[in-house]
Amino acid sequence: MDAGGGGGLIINNKQKAMLPNKRGEFIRNQRKDSEGFSESPDLEFEYADTDKWAAELSELYSYTEGPEFLLNRKCFAEDFRTHVTDKKWTELDAAQHRAHAMRLLDGLEVTAREKRLKVARAILYMAQGTFEECGSEAEVQHWMRYNIFLLLEVGTFSALVELLNMEIDNSAACSSAVRKPAISLADSTDLRVLLNIMYLMVEAIQQDDPADTVEWRAARETFKTELGSPLYNNEPISVMLFGMVTKFCSGHAPHFPMKKVLLLLWKTILFTLGGFEQLQNIKHEGGLAPASASDLIEQQQKRARREHKALIKQDNLDAFNEKDPYKTDDPREDEDDNDDNDNSLEPETFPLERDEVMPPPIPHPPSERVSFPKGLPWAPKVREKDIENFLESSRSKFIGYTLGNDTDTVVGLPRPIHESIKTLKQHKYVSIAEIQIAREEEFQKTPLSGGEEEVEMSSTELLYQGILPSLPQYMIALLKILLAAAPTSKAKTDSINILADVLPEEMPTTVLQSMKLGVDVNRHKEIIVKAISAILLLLLKHFKLNHIYQFEYMAQHLVFANCIPLILKFFNQNIMSYITAKNSISVLDFPYCVVHELPELTAESLEAGDNNQFCWRNLFSCINLLRILNKLTKWKHSRTMMLVVFKSAPILKRALKVKQAMMQLYVLKLLKVQTKYLGRQWRKSNMKTMSAIYQKVRHRLNDDWAYGNADLDARPWDFQAEECALRANIERFNSRRYDKSQGNPDFLPVDNCLQSVLGQRVELPEDFQMNYDLWLEREVFSKPISWEELLQ
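Residues numbered from 1 in each chain as written. Predicted model: local features only at pLDDT ≥ 70, side-chain atom pairs only at ≥ 80, totals over all residues. Heavy atoms only, no water.

Undergrad: Break down the overall build of the protein chain for me, citing the residues and quoting the values.
TA: The helix and strand inventory of the protein chain stands at 35 helices and two strands. Burial status across the protein chain gives 52% buried among its 792 residues. The long-range share in the protein chain, meaning contacts at least 24 apart out of those at least 6 apart in sequence, stands at 80%. Carbon together with sulfur atoms contributes 54% to the accessible area of the protein chain, which is approximately 38500 Å² in total. (Helix = DSSP H or I, 4+ residues; strand = E, 2+ residues; numbered from the N terminus. Buried < 20%, exposed > 50% of the residue type's maximum accessible area, 1.4 Å probe, protein only. Contact = heavy atoms within 4.5 Å. Areas by Shrake-Rupley, 256 points an atom, 1.4 Å probe, with all protein chains shown as cover.)

Undergrad: Tell me about the nonpolar core, and please be specific about residues and values.
TA: Core analysis: the largest hydrophobic core is formed by 178 residues, its most contacted members being F157, L200, L262, I481, F571 and M663. Broken down by element, this core gets its largest block of residues, 16 residues, from helix 19 (residues 511–546). Of all hydrophobic cores here, the second largest spans eight residues; its members include V382, F390, I421 and L424. (Core = buried A, V, L, I, M, F, W, Y, C linked by side-chain atoms within 4.5 Å.)

Undergrad: Give a description of the side chain of S621 that names residues and reports values.
TA: With respect to the helices, strands and loops of the structure, S621 is situated in helix 25 (residues 616–633). Each residue touching S621, except ones within four places of it in the same chain, is listed here: E526, V529, K530 and S533.

Undergrad: Lay out the environment of D51 with the relevant residues and their values.
TA: On the secondary structure map, D51 appears in the loop between strand 2 (26–28) and helix 1 (53–58). In the structure, D51 is positioned 566 residues away from R617 in sequence and 7.4 Å away in space, judged by C-alpha atoms. When sequence neighbours within four positions are dropped, the list of residues in contact with D51 reads E56, K530 and W616.

Undergrad: An account of the packing of helix 26 (residues 637–645) against helix 28 (residues 661–674) is requested, with residue identities and associated values reported.
TA: Contact geometry of helix 26 with helix 28 gives a least axis separation of 9 Å together with a crossing angle of 100 degrees. If you check the angle between helix 26 and helix 28, you find them roughly perpendicular. Between helix 26 and helix 28, the contacting residues are T640, L643 and V644 on the first element and L670, V673 and Q674 on the second. Looking at the contact of helix 26 with helix 28 residue by residue, the class counts come to four nonpolar, two polar and no charged. (Axes fitted to C-alpha atoms, helices over the stretch in contact; angles between N-to-C directions. Parallel < 35°, antiparallel > 145°, perpendicular 65-115°, else oblique. Nonpolar A, V, L, I, M, F, W, Y, C, P; charged D, E, K, R; others polar.)

Undergrad: Can you break down unusual backbone geometry residue by residue, with the values?
TA: Geometrically, the link from F590 to P591 is a cis peptide bond, its omega value of 5 degrees lying close to zero. Phi is positive for N562, close to 65 degrees, though the residue is something other than glycine. Here N562 shows up in the loop between helix 20 (548–560) and helix 21 (563–571). A positive phi angle is found at K647, which is not glycine, with a value near 50 degrees. Within the fold, K647 resides in the loop between helix 26 and helix 27 (648–655). Overall, K647 belongs to the exposed group, its relative accessible area being 60%.

Undergrad: Give me helix 8 (residues 189–205): which residues, what numbers.
TA: Structurally, the α-helix is built with 3.6 residues per turn, so residues lying three or four positions apart point the same way. With 17 residues, helix 8 ought to run about 24 Å at 1.5 Å a step, and its terminal C-alpha atoms sit 24 Å apart, in line with that. Among the 17 residues of helix 8, 16 are classified as buried, and the element is accordingly described as predominantly covered. (Expected span 1.5 Å × (residues − 1).)

Undergrad: Residues and numbers for the environment of Q720, please.
TA: If you trace the backbone, Q720 turns up in helix 31 (residues 716–738). Considered as a pair, Q720 and S638 are 82 residues apart in the sequence and their alpha carbons are 7.5 Å apart.

Undergrad: Go over helix 30 (residues 687–696) with me, naming the residues and quoting the values.
TA: The buried count for helix 30 comes to eight of 10 residues, which makes it a mostly enclosed element. The complete set of buried residues in helix 30 reads K688, T689, M690, S691, A692, I693, Q695 and K696.

Undergrad: Residues and numbers for a nonpolar patch on the surface, please.
TA: Side chains of F398, I399, Y401 and L403 sit close together on the surface and give an oily, nonpolar patch of about 320 Å² of accessible area. Note that I399 resides in the loop between helix 14 (384–398) and helix 15 (415–426). Among the residues examined, I399 registers a relative accessible area of 31% and is labelled partly exposed. (Patch = residues over 30% accessible without salt bridge, like charges linked within 9 Å, V, L, I, M, F, W, Y side chains within 5 Å. Salt bridge = Lys/Arg side-chain N within 4 Å of Asp/Glu carboxyl O.)

Undergrad: Go over the packing of aromatic side chains, please, and point to the residues and values.
TA: The tally for this structure, following the rule as stated, stands at 30 aromatic pairs. Their ring planes at 45 degrees and their centres at 5.0 Å tell us that F76 and Y125 sit as a pair that is tilted. Of this pair, F76 sits in helix 2 (residues 68–83) while Y125 sits in helix 4 (residues 113–127), and the two are 49 residues apart along the sequence. With respect to class, F76 is no different from Y125; both count as buried. An aromatic cluster of three or more residues is present, and its members are Y61, F69, F76, F80, W89, Y125, F131 and F590. The ring centre of Y429 lies 4.3 Å from the NZ or CZ of K381, which sits over that ring. Between R383 and the ring centre of W635, over which it is positioned, the NZ or CZ distance is 3.6 Å. (Phe/Tyr/Trp six-rings, centres within 6.5 Å; stacked < 30°, edge-to-face > 60°. Lys NZ or Arg CZ within 6 Å of the ring centre and 35° of its normal.)

Undergrad: Summarise the side chain of E552; cite the residues concerned and give the values.
TA: Summarising the element assignment, E552 is placed in helix 20. Side chain to side chain, E552 and K636 meet in a polar contact 3.0 Å long. Excluding its chain neighbours within four sequence positions, the residues that come into contact with E552 are K636, L726 and I730. (Polar contact = N/O pair within 3.5 Å; in protein donor to acceptor, adjacent residues only side chain to side chain.)

Undergrad: An account of the pattern of salt bridges is needed here, citing residue identities and associated values.
TA: Two side chains with opposite charge may pair up if their charged atoms get near one another. Evaluation of the coordinates by the stated rule reveals 37 salt bridges. As a salt-bridge pair, D187 and K180 come within 2.5 Å of each other at their nearest N and O atoms. You can call D187 buried: its relative accessible area is 19%. For R639, the salt bridge is made with E723, and the minimal N-O distance between the two is 2.8 Å. Taken together, the residues span a long stretch of sequence, with R639 in helix 26 and E723 in helix 31 at a distance of 84 residues. Residue R639 shares its accessibility class with E723, and that shared class is buried. What you see here is one network of salt bridges that share partners, running through E56, E59, E203, K267, E526, K530 and R617.

Undergrad: Report on the confidence of the model for the protein chain, specifying residues and quantitative values.
TA: On average, residues of the protein chain carry a pLDDT of 79, and 79% of them reach 70 or more. Low confidence marks residues 1–33, where pLDDT is under 50. Its contacts with residues over four positions away, or in another chain, come to 79 contacts. Here residues 290–301 scores under 50 on pLDDT; set against residues more than four positions off or in separate chains, the count is 34 contacts. (pLDDT = per-residue confidence, 0-100.)

Undergrad: Give a description of the environment of L57 that names residues and reports values.
TA: You can see L57 is positioned in helix 1. Taking the C-alpha atoms as reference points, L57 and A204, separated by 147 residues in sequence, lie 9.2 Å from one another. Excluding its chain neighbours within four sequence positions, the residues that come into contact with L57 are Q141, M144, L200, E203 and F590.

Undergrad: Any details on the packing of helix 11 (residues 258–273) against helix 17 (residues 459–467)? Residues and values, ideally.
TA: For the pair helix 11 and helix 17, interaxial distance at closest approach is 9 Å and the crossing angle is 140 degrees. On the basis of the axis angle, helix 11 is oblique to helix 17. On the side of helix 11, the interface is formed by I269, T272 and L273, while helix 17 contributes S459, T460 and L463. In the contact of helix 11 with helix 17, the residues fall into three nonpolar, three polar and no charged.

Right under this line is the structure:
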């Protein structure tokens, strides 16, 4: 650790760890590194919504599917030769391209399954960029986008959705798969071809290229709107895919190619709802986000990439060793620390702490420079509840009475307390969540005078309404698959089989084939973890911004489904091995494998793997899972205690060995929230970790995270009450906003007009209608009526 105020947690191999003593001086740390920090190299990793486009394309296919590239080409060539002679696809004009695409689309409507599959393969070959006629990967990608926008224009996507629905409901295929002792690639052929085309379409169309035509840009926006709207089967596409996930997990459809379903679901959510940049923009548009230095950081990162200068690396906190940027920084710094879990009003491009990357220098004439006292580089936040607690404890101590929620009355309190309250109020911060909760309380209190709530039908709102009825089942299903894909899971006979779309019909017979399949299976599981972690994080972030109770509903069901111990189990492995895993064979990746001659694979070349310093998808997954864990536990004492009970501290400390700033930050956040519950001895023997938390994580005024004053917060009998109260609030919100049939009968209008009441048509039960004659005889004709008495 360096001596600067924004000191780096990551330690270079050449540097020795330094720790401050009580007087603020730095002493050499002679102890062996037993606190999770390691001497492994810095990882030059750039966190983003997705990996590079080529990587995202290649991960769609398993290596076992390799021979199908040529099969797709063959299906296209046979059809193409019968209708277009002597010309290549790349030599035709736009009109001929369109005519052929229309012809293929008509072919999807034939009833014969075999013919339909051949046409679908021909369309897939188009979506794969008609690669036989291309000489480079860039050329394949160019023709992919051209062909896919053409397929979109002629209406291919709607036809694919209809076919997919037909396959989902194909009971014969489902019952056949259930009875089979071993599922293989052959069982999911039809589904895989359809999902491949749909994924390639979503993935290619959402790529925003500055060179795109006006028509393409318009087509992209229309497609984005349609995907997020309930146009297909009266529900968004994402809801249909969630349905496939639950059907697979229930055991009724074990042949579903789950990796492809999850990848398509992730990319659909990412495209329709937007990634981290769009989340930031939504906040800015709503006037919710003050300008922050994270904007400047991102601009600088982009500029650095453009200029090919590695001046600032997101993954290296040691940038501050040379210069402390906070000595004479811009006053806007007070608005920063984009704390991802704060439900905050601040932008969230990348959730980096202030001292992870150096903000761009702001030019000031020397005379205008202002010196700030050296200290922590973020402005502390204070909640209304913090001010209430401070005032209550002060009143109780000095005066002997309390006033409840009053934060203004300071009568009888000493002068220093007045100053403290003034300071707390200066840093008071109201989050979006608090505003939404207050608004919801008003709606619940005044259901009649409160008026109708205007709910904007955004893509997030439409998706929430779509998944609301089955959200608990969806969360359980995703976590089941995540558990099956985790490297720490042991193979159990009763666990779900997620390898339906990777195992070949004939099992390998040679050592080389076995090695290749082993790599393929591990890669397959890694991609599934990547997709699920990204889906969960995106949904949590978007629901949190849309409405806090939508977020809390999803989060609570994740907690009920044991998400917290599951993520901890995932990290209870050699995390460095997972992040540096070499489960890929680059010569077999698409589109490389279709434009180059395949070299002969050997056991040595398979063992060597690629030359990358780390596996992008695995580091991405780890950061996502840590962020999810942060979101689930933030401000929830019962869930923080779950971290303590499941002994997460040693697991999380081991994760600090990964020298990547963003991952370390989220680990430190998780350690910070439980530090006060871990006991004095733990804190004494983990001072290096404590120091790192102090330097890297935002603290709040009155924050006693580093001390053992946990008795008030750790009352176990309150934990269940906390979750129950939250659940009641969520149910009231969902019932008020979405369950129109269950309106409170006391608030329904009453019809007092005799004519209209008698004129209403009343549906009588069937048994009453059958016995109507008996009823008349018994209740009317056989009973004497004294009309005179009635008239009087």
